[in-house]
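# Examining the three-dimensional arrangement
Each chain, written out:
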Amino acid sequence: MSQSGGTQSQALAPGDETGQNFHCDNCQASVTDSVRISCSECAEFDLCTTCFSRGVEIGAHKNDHPYRVVTRPRFPIFTEDWSADEELLLIDGLRQFGMGNWKDAADHVGTKTKEECEQHYMSVYVASDTWPLPNMGRQFDAQFARTSGERRPRQASPAKGKVLSSQPSNHEIVGYMPGRLEFETEHENEAEQVVKDMVINDDDTAEELELKRTVLRIYNAKLDRRLYRKGFILDRGLLEYRKNQAIEKRRPKEERDQLARLRVFSRMQTRDDFEDFSAGVLN
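Figured I'd write up the structure that's included with this text. (Residues numbered from 1 in each chain as written. Predicted model: local features only at pLDDT ≥ 70, side-chain atom pairs only at ≥ 80, totals over all residues. Heavy atoms only, no water.)

Another aspect to go through is the nonpolar core. One finds F45, L47 and C51 to be the most contacted residues of the largest nonpolar core, which totals 15 residues. Mapped by element, the contributors of at least two residues to this core are β2 (36-39), α1 (49-53) and β4 (67-70). (Core = buried A, V, L, I, M, F, W, Y, C linked by side-chain atoms within 4.5 Å. Buried < 20%, exposed > 50% of the residue type's maximum accessible area, 1.4 Å probe, protein only. Helix = DSSP H or I, 4+ residues; strand = E, 2+ residues; numbered from the N terminus.)

Packing of helix α2 (residues 84-97) against helix α4 (residues 114-126) brings their axes to within 12 Å, and their N-to-C directions diverge by 100 degrees. One finds that α2 runs roughly perpendicular with respect to α4. Only C117, H120, Y121 and Y125 of α4 make contact with α2, whose side of the interface consists of E87, L90, I91 and L94. In terms of residue class, the contact of α2 with α4 is made up of 6 nonpolar, 1 polar and 1 charged. (Axes fitted to C-alpha atoms, helices over the stretch in contact; angles between N-to-C directions. Parallel < 35°, antiparallel > 145°, perpendicular 65-115°, else oblique. Contact = heavy atoms within 4.5 Å. Nonpolar A, V, L, I, M, F, W, Y, C, P; charged D, E, K, R; others polar.)

Time to look at the pattern of salt bridges. Enumeration according to the criterion identifies 18 salt bridges in this entry. Two residues, E210 and R213, come together in a salt bridge whose shortest N-O distance is 3.6 Å. Here E210 pairs with R213, and both are found in helix α5 (residues 206-235), just 3 residues apart, close to one helical turn. Using a relative accessible area of 43% as the deciding quantity, one classes R213 as partly exposed. Between R263 and E248 there is a salt bridge, and its shortest N-O distance comes to 3.4 Å. Remark: E248 occurs in helix α6 (residues 241-250) and R263 occurs in the loop between α7 (253-262) and α8 (271-282); sequence separation between them is 15 residues. Judged by its relative accessible area of 18%, E248 falls in the buried class. Linked through salt bridges whose partners overlap, the residues forming this network are E248, R251, E255 and R263. (Salt bridge = Lys/Arg side-chain N within 4 Å of Asp/Glu carboxyl O.)

A word on the side chain of R256. In this structure, R256 sits in helix α7. Excluding its chain neighbours within four sequence positions, the residues that come into contact with R256 are E57, G59, E248, K249 and R251.

Taking every second residue as pointing to the same face, both faces of β2 are buried, with R36 and S38 on one and I37 and C39 on the other. Both β2 and strand β3 (residues 46-47) contribute to a ladder of 2 bridges, which runs antiparallel. Following the sheet pairing, S38 is matched in β3 by D46. (Pairing = 2+ DSSP bridges.)

Another point: the packing of aromatic side chains. Counting across every chain of the model gives 6 aromatic pairs. Relative to Y125, the ring of Y121 lies with its centre 5.0 Å away and its plane at 20 degrees, an arrangement referred to as stacked. Of this pair, Y121 and Y125 both sit in helix α4, 4 residues apart, which is roughly one turn of that helix. Exposure remark for Y121: the relative accessible area of 15% places this residue in the buried category. Among the aromatic residues, those joined into a cluster by ring pairs are F78, W102, Y121 and Y125. (Phe/Tyr/Trp six-rings, centres within 6.5 Å; stacked < 30°, edge-to-face > 60°.)

Another aspect to go through is the environment of T113. Structurally, T113 is set in the loop between α3 (102-109) and α4. Note on T113: relative accessible area 32%, which makes it partly exposed.

What follows deals with α5. Between its first and last C-alpha atoms α5 spans 43 Å; for 30 residues at 1.5 Å apiece the expected length is 44 Å, and the two agree. Those residues of α5 that sit buried are K212, Y219, R226, K230 and F232. In this structure, the buried residues of α5 make contact with β6 (182-183). G237 sits one or two residues past α5 and shows a positive phi near 65 degrees. (Expected span 1.5 Å × (residues − 1).)

Note that every value here comes from positions in space, so none of it alone points to a role or purpose.
Here it is, written out as C-alpha cells:
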C-alpha cells in the first residue's frame, strides 16, 4: 500500500462483509465501524489509516500493493432513520439467529433495540406493498441516515450465554469451524462426488467390481491427503493466527523474509526439527 503515486484507492461499501468484525493486522485496533484500508493482493489483510499512513509492511504484505478504501454504507435506503449498513446487519442477524429472535438480531445490529428491529422489519419488509420485497424505489435527499451510528455496549446478562455455533465468524481463521474441527472447504472438497452414488450390485462383472475398487482406492487416497494436511495445520499451530502474527511482528524484517523462504522445507520435517533447522539457518 503505497502513499506515492501509481496506486489509486477505490471507495467501497461491501454488503457481503456484514456481521464481521475487522481489526488492523498491525496494531489490532478495531476498524469495524471506521474507514479501513484493505489490501487487494493479500487475502483478508486490513490496516487502520494510521498504520497505512506509516507504510507498515508485515510478512508478504508490502506497502506498494494496490488497495481499497472500505467504509460502512451510511445512506438510507428504506427509511430515513435506518442506514443501509443497519439494514444489512438486521437481515444477517435474523438469518443467523432465526426469525423472531429480535434480541440477538438487535445485538448484531448494535445501534437499535429489539423493539425497533421488530417494528422496522414488520413495517418495511412484511407490510410492504411489494411483498416479499421491500419498496426498492424510495429516494432520500439526506446523504446519511438519521441514526446515531454508535454501537451500544452489550448488557451483561446473568443468564447462561449462548454456546457459539461452529461457524467461521466465531474463529479468527475464516472458514475454520472449531466446534467440528473442520474447514468449510476441505482439501479436494469434491472427492465425495465420485462415490456418493456408487452401488455394488450382485450381478456386477469382475471388470466392474475392479473398476469400483479402483475408484474407492483413489477416494481413500484423497481422504488420506486431506487428513495429512489438516494434521499438519493443527500440529504446527497455524490456526493461532493472532499469536503467530504477534511473533512475526517482533522479528526483524530480514528474519521474516528468511523464514518465509524456509517454510517450503517444513513439510519434510517434524515441527521440532523444522524449528531447530530454522534457528540454525538464522544463526
